[in-house]
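# A closer look at the structure
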Amino acid sequence: QVQFVESGGGLVQPGGSLTLSCTASGFSFSSYPMSWYRQAPGKERELVAVIPGTGRGMMVQDSLKGRFTISRSNDKNTLYLHIESLRNEDTAVYYCNRQTAYSWGAGPLDAWGQGTLVTVSS
């Protein structure tokens, strides 16, 4: 059974930084591209970043480049998202998932976990 457990969210002041984690189980983690999505209040879920199974390279949403970094530890079956210079508009629930391919147009493979809430506020 595929499972994702996201963690690391919380209340952060604008300009701060945060690293989110996603522990995955139920599949061969290193064999799949992984992704982070987010869903802001009242908005649709959107793709934030994708990383290949090897961990070499990444794709990040254009508007978030320079502030968002995706990485992974295949030894720990864990995906990370580091966010810098947080803005109010980064407030959202952040989710991880497997991707069907290392491509921005590829979709998520699995059901969503509970996500982790990031609230950016002073």
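Structural notes, computed from the coordinates.

What counts, and at which threshold
- Residues numbered from 1 in each chain as written.
- Predicted model: local features only at pLDDT ≥ 70, side-chain atom pairs only at ≥ 80, totals over all residues.
- Heavy atoms only, no water.
- Helix = DSSP H or I, 4+ residues; strand = E, 2+ residues; numbered from the N terminus.
- Rg over C-alpha atoms; globule rule 2.2 N^0.38 Å.
- Contact = heavy atoms within 4.5 Å.
- Areas by Shrake-Rupley, 256 points an atom, 1.4 Å probe, with all protein chains shown as cover.
- Lys, Arg positive; Asp, Glu negative; His and termini not counted.
- Charge placed at Lys NZ, Arg CZ, Asp CG, Glu CD.
- Core = buried A, V, L, I, M, F, W, Y, C linked by side-chain atoms within 4.5 Å.
- Buried < 20%, exposed > 50% of the residue type's maximum accessible area, 1.4 Å probe, protein only.

## Some details on the overall build of the protein chain
Helix and strand counts for the protein chain come out as zero helices and 10 strands. Ordered by position from N to C terminus, the α and β elements of the protein chain give β-β-β-β-β-β-β-β-β-β. Its C-alpha radius of gyration of 13 Å places the protein chain within 12% of the 14 Å reference for a compact globule of 122 residues. In the protein chain, of all internal contacts separated by at least 6 residues, the share reaching a separation of at least 24 is 58%. Approximately 6100 Å² of the protein chain is accessible, and the part contributed by carbon and sulfur atoms is 46%. Taking the average place of the 10 positive charges on the side chains of the protein chain and the average place of its 9 negative ones, the gap between the two points comes to 3 Å.

## Some points on the nonpolar core
Grouped together as the largest cluster of nonpolar side chains are 27 residues, with contacts concentrated most on Leu-20, Trp-36, Phe-68, Leu-79, Leu-81 and Tyr-94. The element best represented in this core is strand β3 (residues 18-25), accounting for four residues. When near neighbours in sequence (up to four residues on either side) are disregarded, Leu-20 contacts Ser-7, Gly-8, Gly-9, Trp-36, Leu-79, Tyr-80, Leu-81, Ile-83, Tyr-94, Thr-116 and Val-118.

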